[in-house]
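Below are the chains, spelled out letter by letter.
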Amino acid sequence: AEKAPPSGEVEERTGLTEGQIRAMAVPVRMRMSRGAPRWLRNVLVRDPHPLVAVSTVVNNSLSDEELEAIARSRLVVEEVLVEMTRHRSWMNKYSVVSALVANRRTPVGIAVRFLPRLSVRELRALAHSRNVSDAVRSGAQRIYHSRTQ
């Protein structure tokens, strides 16, 4: 598994640091996002510009582990999480759905829509979690109580 170099360390193939990549213009980062290696995808998916981050997710074949890590990450922009919900094959993976619902940055309407797909154990954890919005927490409590009675 390739790891991204620390922000001051130079990656050998491109000769760029993470800081240099972030300083590039948006069109250049968009071009870099197509067919990017894993370490570069990890940098670009956290890009503050939504077009770059979404392009990274859409234009690369991502492993299940990468999808779950992106869905779980609080550093990605909201548009990436919304784009992930548009891909049916990704939403068929329980771990991705679970990570999206538990992510505070996922829009409330999307998180609540996926609550019924979660297990009783996950619903109980969400019902007591302070890391999710109030609407998600109350929805998880409601579904949990209806399933356990």
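On a predicted model such as this, the values are computed, not experimentally measured, just so you know.

A. Region of interest: the overall build of the chain. Secondary structure assignment for the chain yields 11 helices and zero strands. Reading the helices (α) and strands (β) of the chain from amino to carboxyl end gives α-α-α-α-α-α-α-α-α-α-α. Taken over the C-alpha atoms alone, the chain extends approximately 60 × 30 × 25 Å along its principal axes. Scored against the burial criterion, the 149 residues of the chain give a buried share of 44%. For the chain, long-range pairs separated by at least 24 residues make up 53% of all intrachain contacts whose partners lie at least 6 apart in sequence.

B. Here's a closer look at the packing of helix α5 (residues 64-72) against helix α8 (residues 94-102). At a minimum axis distance of 8 Å, the contact between α5 and α8 shows a crossing angle of 10°. Of the possible angle classes, the one that applies to α5 and α8 is roughly parallel. As for how α5 packs across α8, the hand of that crossing is right-handed. Side by side, α5 and α8 meet where Leu67, Glu68, Ala71 and Arg72 of the first sit next to Ser95, Val96, Ala99 and Leu100 of the second.

C. Spotlight on the nonpolar core. Within the largest apolar cluster, 34 residues are counted, with the highest numbers of intra-cluster contacts made by Val57, Ile70, Val80, Met84, Val101 and Leu115. If you list the elements that add at least two residues to this core, you get α4 (50-58), α5, α6 (78-85), α7 (88-91), α8, α9 (108-114), α10 (120-128) and α11 (134-148). Tallying contributions element by element places α8 first for this core, with five residues. Among residues more than four places away in sequence, those in contact with Ile70 are Val45, Val57, Leu62, Val76, Val80, Leu81 and Met84.

Calculation criteria
Residues numbered from 1 in each chain as written. Predicted model: local features only at pLDDT ≥ 70, side-chain atom pairs only at ≥ 80, totals over all residues. Heavy atoms only, no water. Helix = DSSP H or I, 4+ residues; strand = E, 2+ residues; numbered from the N terminus. Buried < 20%, exposed > 50% of the residue type's maximum accessible area, 1.4 Å probe, protein only. Contact = heavy atoms within 4.5 Å. Axes fitted to C-alpha atoms, helices over the stretch in contact; angles between N-to-C directions. Parallel < 35°, antiparallel > 145°, perpendicular 65-115°, else oblique. Left-handed = near helix turned anticlockwise from the far one by under 90°. Core = buried A, V, L, I, M, F, W, Y, C linked by side-chain atoms within 4.5 Å.

Remember, this is a structural readout, not a statement about activity or role.
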